[in-house]
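Here is what each chain is made of, one letter per residue.
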Amino acid sequence: MKILITGANGMLAKSVRKRLAENELICTDVEDLDITNQEAVLQYVKEVKPEYIINCAAYTAVDKAEEAGEIVEKINSNGPENLAKAAKENDAVLVHISTDYVFGGDLDIENVYKEDDRKSPVTAYGVTKLHGEEKIKQNTDKYYIFRTAWLYGDGNNFVRTMLNLGDSKDEISVVCDQHGSPTYAEDLANIIAQAIEKKIPYGIYHATNQGYTTWYDFTKAIFECTGTVCKVNPVTTEKYIEMMKITQAKRPKNSQLSKEKLLAQGIEVPEWEDALKRYLKAEGKM
Ligand SMILES: NC(=O)c1ccc[n+]([C@@H]2O[C@H](COP(=O)([O-])OP(=O)(O)OC[C@H]3O[C@@H](n4cnc5c(N)ncnc54)[C@H](O)[C@@H]3O)[C@@H](O)[C@H]2O)c1
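Values in this document were obtained by computation on a predicted structure and should not be read as measured data.

Asks: Before we move on, could you go through the overall build of the chain and cite the residues and values that matter?
Replies: Each helix and strand in the chain was counted, giving eleven helices and twelve strands. Counting only C-alpha atoms and orienting by the principal axes, one finds that the chain spans roughly 55 × 40 × 35 Å. Out of the 286 residues in the chain, the part that is buried amounts to 45%. Taking contacts inside the chain between residues at least 6 apart in sequence as the whole, the part at least 24 apart equals 81%.

Next up, the structure:
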């Protein structure tokens, strides 16, 4: 299969490239194919004629996005729009990655978000990612949108940050009032590959690891698995912001995404604890 990957140097893309290596992969990042350049995208896809386009490109710096202006909308919304138009014109399937940030995050913790629940993003990142989803739906029918969250893999990520802190400090404070599913990029890549291989129905799917936790409990699990001796103190988001003297984009309290729709397609979705152990082993930390 001929597959075009955009944003191919990013964290998720590295796992996607590995998982789909048996295919004919055309890997591009901003220096080869800037997804915000409509003319270039239409021309490139016409020439390459891929069967699938996997868009791993995005503006992902959630806090910086608040002040970054137009560029965030261009990359997260116009980019997917251009790819959807190019996919449609060339009869390719577009695979796109979205986020839990399209939701408001204020749902009661006992509940989880389903794909069609009301969207009410509260950050520039979330707003532009939602626009990206809408642009895709308006421009092609043959698409998969996988909403993920709390991603870690081959790149800067929460697990690496916590391990560095754990090695250098005796105790740290971690927020305990944000709930979600840490997601190993290798597992998300495997979900994407399974969806393509099984040709599941087009549409939007929630795609994170199974199970739910908080950043605080996630950190405790990271330290337990690696034998890191560092006390972890639970703090509320409000307290954390005050302690660290930082300003940050609003974080969703509830990022819990239901995987029912994906599971109903027979897709394998591992538990987050199992995923964490595999990641730590792969990193030589366990
Ligand atoms: N990291 C997370 O925790 C997280 C959570 C939820 C959803 N997501 C989504 O998952 C996807 C992958 O995220 P990631 O963490 O691997 O991203 P990343 O930041 O590691 O990689 C993004 C890539 O996009 C490229 N890029 C940026 N602008 C571009 C442009 N104009 N044209 C072409 N390429 C461009 C960058 O060079 C980079 O290689 C994104 O859609 C992101 O919104 C990520």
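Continuing now.
Asks: Give me the lowdown on the site of the ligand, citing residues and values where you can.
Replies: The ligand sits among 25 residues. The nearest are G7, G10, L12, A57 and A58. Contributions of two or more residues to the shell around the ligand are made by α1 (11–19), α4 (70–89) and β4 (93–99). In the shell around the ligand, the residues fall into twelve nonpolar, ten polar and three charged.

Asks: Go over helix α8 (residues 215–226), please, and point to the residues and values.
Replies: In this model α8 runs 16 Å from its N-terminal to its C-terminal C-alpha over twelve residues, within 8% of the 16 Å that 1.5 Å per residue would give. Residues W215, F218, T219 and I222 constitute the buried set of α8. Down the axis of α8, the buried set is contained in an arc of 100 degrees. They therefore lie on one face. Looking at the packing, one finds that the buried side of α8 touches α6 (158–168), β7 (171–175), β11 (213–214), β12 (231–235) and α11 (272–282). Where α8 ends, the next residue or the one after it, G227, has phi of about 65 degrees, a positive value.

Asks: Talk me through unusual backbone geometry; I want residue IDs and the actual numbers.
Replies: Although it is not a glycine, D91 sits at a positive phi angle of roughly 55 degrees. Summarising the element assignment, D91 is placed in the loop between α4 and β4. Of the residues examined, D91 has 10 C-beta atoms within 10 Å and is grouped as exposed. With a phi angle near 55 degrees, K245 is a residue other than glycine that sits in the positive phi range. Relative to the assigned elements, K245 resides in the loop between α9 (237–244) and α10 (260–263).

Asks: Can you tell me about the nonpolar core, naming the residues and giving the values?
Replies: Membership of the largest hydrophobic core comes to 75 residues, with the highest contact counts inside it found for L12, V16, I53, I54, C56, L94 and I192. Setting aside chain neighbours within four positions, we find I192 in contact with V16, I54, V95 and F146.

Asks: Break down the environment of Y212 for me, citing the residues and quoting the values.
Replies: With respect to the helices and strands, Y212 occurs in the loop between β10 (203–206) and β11. Classification of Y212 by C-beta neighbours within 10 Å gives partly exposed; the count is 18. Sequence spacing of Y212 and V122 is 90 residues, and the spatial spacing of their C-alpha atoms is 22 Å. Each residue touching Y212, except ones within four places of it in the same chain, is listed here: H179, G180, S181 and Q256.

Asks: Tell me what's going on with the environment of K250, and back it up with residues and numbers.
Replies: On the secondary structure map, K250 appears in the loop between α9 and α10. When the 16 C-beta atoms within 10 Å are taken as the criterion, K250 is described as partly exposed. Setting aside chain neighbours within four positions, we find K250 in contact with V122 and T123.

Asks: Outline the environment of K169, listing residues and values.
Replies: By the element assignment, K169 lies in the loop between α6 and β7. Between the C-alpha atom of K169 and that of M244, which follows or precedes it by 75 residues, the distance is 15 Å.

Asks: Tell me what's going on with the sheet that holds strand β5 (residues 143–148), and back it up with residues and numbers.
Replies: Read across the open sheet, the six strands follow the order β2-β1-β3-β4-β5-β10; overall the sheet is parallel. Taken across any chain shown, the strands that pair with only one partner, and hence form the sheet edges, are β2 (24–28) and β10. Neighbour-to-neighbour, the strand axes of the sheet open up by a mean angle of 20 degrees, direction not taken into account. In terms of strand pairing, strand β1 (residues 2–6) meets β2 through five bridges, oriented parallel. Opposite L4, over in β2, you have I26 as the bridge partner. Along the sheet face, helix α5 (residues 124–139) touches β4 and β5 and points at about 160 degrees away from the line of β4.

Calculation notes
- Residues numbered from 1 in each chain as written.
- Predicted model: local features only at pLDDT ≥ 70, side-chain atom pairs only at ≥ 80, totals over all residues.
- Helix = DSSP H or I, 4+ residues; strand = E, 2+ residues; numbered from the N terminus.
- Buried ≥ 20, exposed ≤ 12 C-beta atoms within 10 Å, placed from the backbone.
- Contact = placed C-beta atoms within 7 Å.
- Near = placed C-beta within 6 Å.
- Nonpolar A, V, L, I, M, F, W, Y, C, P; charged D, E, K, R; others polar.
- Expected span 1.5 Å × (residues − 1).
- Arc of directions from axis to C-beta.
- Core = buried A, V, L, I, M, F, W, Y, C linked by C-beta atoms within 7 Å.
- Pairing = 2+ DSSP bridges.
- Axes fitted to C-alpha atoms, helices over the stretch in contact; angles between N-to-C directions.

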